[in-house]
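Working through the structure, step by step
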Amino acid sequence: TADGGALPRQACSNKNTSETRRSLRSEVPDGPSSTRGQEPSTSVGGSFCFAGALRDGVVYSAQFNNSEFVEEKMQGERKTLTQLSVPICLETLFYMLSGMVDTLMLSSVSDQAVGAVGTANTYIGVFIIMFGVISSGMVAVMSQNIGAGRPGIAYQARQLGLVFNALTGILISVVLAVFSGGILRAVSIAPALLESAETYLKIVGGASLLNALIPIFSSYLRVFGYTKHSLIGTVVGNVLNIILNSVFLFVFNWGVMGVAVATVISRVVNLIIVAGMGAVLIKAKQSPEREQPRRILAQIVKIGFPSALETALYNIAMTFIVRFMNQMDVDGMNVTARSYAVQIANFSYCVGAALAQANAIMTGWRIGAKEFEECNRGTRKAAIYGIITATCFSVTFALAGHFIVHIFTDDTQMINLVVKLLIVDVFLEFGRVTNLVYGQALKTSGDALFPVILGAIFMYLFAVGGTYFLGIHMGLLAVGSYIAMAGDECARAVGMVLRWKSGKWKSKGLIEV
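This structure is a prediction, so every number in the text was calculated from the model and none was measured. Throughout, a residue's number is its position along its own chain's written sequence, starting from 1. In keeping with the predicted nature of the model, local features appear solely for residues at pLDDT of at least 70, side-chain atom pairs appear and are counted solely at 80 or more, and the whole-chain, interface and lining totals rest on all residues. Excluding hydrogens and water, the side-chain values take into account all heavy atoms of the structure.

1. So, the state of the cysteines
Cut-off, in case you're wondering: For the purposes of this analysis, a disulfide is any pair of cysteine sulfur atoms at a distance within 2.5 Å.
Taken as a whole, this structure holds zero disulfides when the rule is applied. Counting only cysteine sulfurs, Cys89 is the nearest neighbor of Cys350, a cysteine outside any disulfide, at a range of 3.9 Å.

Take a look at the structure:
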């Protein structure tokens, strides 16, 4: 079919189609060579009409015209959890590694350069949360409509998200480019960092439009099953960024300005790749299904706003936690130990995050197709995989902690403290991956408000309050903070699992039967 085959189902817009599908679904025999789970299409006025189905992760389609029924297996490709999650994991890992390389290169210029870029990126990140309102909600709307056989509406959702994020991105770009100095002075940045941070914020912040558009096109590729192609854009963009950093820093000696220019150029290339691939590979625009734009935008915001709010609440909670950790000693050992532990544990986190994102896409497909039992099995499978993988990683990091941390520092006291944090992190990662998988599945199903309420309660009661009580009041310092954060993740994980098992998410779907 025209859509390149990554669709779980594609169908014409006809009110009799669903009844025809249901009546004939059970008549299709099982077997690898059969049209297992195939749903027939109907033809109106002799025109072509496409239908497809997702069964056991296999994508199929059918074409019918004037009593002809021609079966076509779309790409013949089995889209499993592994096939979706591995490219997403590699993409996340590549972002992390390129960020570490950037920091390493900047450190050769000066510590002030590292601090300036880190500070500027912190405030750019605050504005980027606004783009998440649309991109996260868009994934839920697109994936459910794809599962329901309405790729045209998925394309429509992409277009609405693109327009909204483009307008928001232009506004934020202008604000950061024009008022970068004023913003940094308002937050009382250290005078030694001001000039470099302002240069970086003006250039990279002034190109925030790129941060607004890349997630839209990347999400569009992913929900149609093209996770490898999104990875290609990321890899090419980040490799180019490292090359340009080397040239601008060590050949032209442009310092922070060179890093900023390299970042913008690499993001432009990334955007061109993901946008171009989406246009070539996905032809959902040609599908006839359309919905009222206002209704689609309302659905996107309904999912996206709570998701973005949860991210904002988490970032604020982390700000409080870091502030408390800064109060634990005068030389910053506890907060530095946390930084080392986070850098190491991020490798475990990216696996859980990738499984959660991949399962969320498949959950959207299945909810759109009203395959609730498949949602249950798939989400449980993703959680089990995530728990096993995260536990293996975190236990390995804890056991090899002395060796790993020695790469960063020779301070024996620091090494011992980080190892203690990595031991507590085993329990933290266990809760976090469960929280991620079930939380993302709930949001994609349409039940996006519950995770925010749960997060608002436990993040501040356990993580923030626990850091103060255990870390400062009880004198456990950074270890106490990590125990509190592990308690938060595990408590929220229990809440997410119980909510999922209640089945209330089944009534929250965005597709009306």
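Moving on from the model shown.
2. So, the packing of aromatic side chains
Where we set the bar: Side-chain rings of Phe, Tyr and Trp, where Trp is taken by its six-membered ring, are said to pair if the distance between their centres is within 6.5 Å; with planes under 30 degrees apart they count as stacked, over 60 as edge-to-face, and otherwise as tilted. Residue exposure (1.4 Å probe, protein chains only): buried if accessible area is under 20% of the type maximum, exposed if over 50%, otherwise partly exposed. Criterion for a charge above a ring: Lys NZ or Arg CZ within 6 Å of the ring centre, and within 35 degrees of the ring normal.
The full count for this structure, using the stated rule, is 10 aromatic pairs. Summarising the aromatic geometry, the rings of Phe248 and Phe252 are spaced 6.2 Å apart at their centres and angled 35 degrees between planes, so their arrangement reads as tilted. The exposure class assigned to Phe252 is partly exposed, which follows from its relative accessible area of 43%. Here Phe248 and Trp254 contribute two aromatic rings whose centre-to-centre distance is 4.8 Å and whose plane-to-plane angle is 20 degrees, an arrangement assigned as stacked. We classify Phe248 as buried; its relative accessible area is 10%. Judged by relative accessible area, which is 36%, Trp254 ranks as partly exposed. The structure contains a cluster of three or more aromatic residues connected by ring pairs, namely Phe372, Tyr438, Trp500 and Trp505. Cation over ring: Arg158 sits above Tyr220, and NZ or CZ is 4.5 Å from the ring centre.

3. What about unusual backbone geometry?
What counts is decided by this rule: Numbering of helices and strands starts at the N terminus; helices are DSSP runs of H or I of at least 4 residues and strands are runs of E of at least 2.
With a phi close to 55 degrees, Asn253 is a non-glycine residue in the positive phi region. With respect to the element layout, Asn253 can be found in the loop between α7 (227-250) and α8 (256-281). The exposure class assigned to Asn253 is exposed, which follows from its relative accessible area of 59%. Phi at Lys370 is positive, roughly 60 degrees, even though this residue is not glycine. On the secondary structure map, Lys370 appears in the loop between α10 (333-368) and α11 (372-399).

4. A look at helix α4 (residues 151-186)
Note the cut-off: We define the bend at any residue as the angle between the axes fitted to the seven residues before and including it, ending there, and the seven starting there.
When the local axis directions of α4 are compared, the greatest deviation, roughly 75 degrees, occurs at Phe179. Ser188 sits one or two positions beyond α4 and adopts a positive phi of about 60 degrees.

5. Details of the side chain of Thr409
Applied cut-off: Polar contacts, as used here, are pairs of N or O atoms within 3.5 Å; protein pairs need one atom able to donate a hydrogen and one able to accept it. Residues neighboring in sequence count only if both atoms are side-chain atoms. Only heavy atoms enter the contact rule, under which two residues are in contact if any of them lie within 4.5 Å.
Note that Thr409 resides in the loop between α12 (401-406) and α13 (412-445). Polar contacts involving the side chain of Thr409 include one to the main-chain amide nitrogen of Asp411, which spans 3.1 Å. With sequence-adjacent residues up to four places away left out, Thr409 is seen in contact with Tyr340, Met414 and Ile415.

6. Comments concerning the packing of helix α9 (residues 293-326) against helix α14 (residues 449-473)
Working note: a packed helix pair is described by the angle between its axes plus the distance between those axes. To keep things clear, this is the line we draw: Lines fitted to the C-alpha atoms define the axes, with helices restricted to the stretch that makes contact. Angles between their N-to-C directions range from 0 to 180 degrees. Here is the rule for angles: anything less than 35 degrees is roughly parallel, anything more than 145 is roughly antiparallel, 65 through 115 is roughly perpendicular, and the remaining ranges are oblique. When residues are grouped by polarity, Ala, Val, Leu, Ile, Met, Phe, Trp, Tyr, Cys and Pro land in nonpolar, Asp, Glu, Lys and Arg in charged, and all others, Gly among them, in polar.
Closest axis-to-axis distance for the α9/α14 pair is 9 Å, and the angle between their directions is 5 degrees. Here α9 lies roughly parallel to α14, going by the angle between them. In contact with Pro306, Leu309, Glu310, Leu313, Tyr314, Ile316, Ala317, Phe320, Ile321 and Phe324 of α9, α14 contributes Leu449, Pro451, Val452, Ala456, Met459, Tyr460, Ala463, Val464, Thr467, Tyr468 and Ile472. By residue class, the composition of the contact of α9 with α14 is 19 nonpolar, one polar and one charged.

7. Re the pattern of salt bridges
Threshold: Throughout this description, the term salt bridge denotes a Lys or Arg side-chain nitrogen within 4 Å of a carboxyl oxygen of Asp or Glu.
Using the criterion set out here, one finds 11 salt bridges in the structure. Glu198 is the salt-bridge partner of Lys202, the closest N and O atoms lying 3.8 Å from each other. Taken together, the residues Lys202 and Glu198, both in helix α5 (residues 191-205) and four residues apart, mark about one turn of the helix. On the basis of relative accessible area, Lys202 is assigned to the partly exposed category, the value being 41%.

8. Some words on helix α2 (residues 81-107)
Condition: Expected helix span is computed as 1.5 Å times (number of residues minus one).
With 27 residues, α2 should reach 39 Å at 1.5 Å per residue; the first-to-last C-alpha distance of 39 Å fits that figure. Residues of α2 that are buried: Leu81, Leu84, Ser85, Pro87, Ile88, Cys89, Glu91, Met96, Ser98, Asp102, Met105 and Leu106. Summarising the contacts, the buried residues of α2 are in contact with α3 (111-147), α6 (208-223), α7, α8, α10 and α11.

9. Side note on the nonpolar core
To keep it simple, the criterion reads: What is meant by a nonpolar core is a set of buried Ala, Val, Leu, Ile, Met, Phe, Trp, Tyr and Cys residues, joined one to another through side-chain atoms within 4.5 Å.
Grouped together as the largest cluster of nonpolar side chains are 90 residues, with contacts concentrated most on Tyr200 and Phe224. The dominant element in this core, judged by the number of residues it contributes, is α3, at 13 residues. In this structure, Tyr200 is in contact with Val117, Ala120, Asn121, Ile124, Gly205, Val256, Val259, Ala260 and Thr263, ignoring residues within four places of it in sequence. Residues Met325, Phe397, Tyr482 and Ala486 belong to the second largest nonpolar core, which totals 35 residues.

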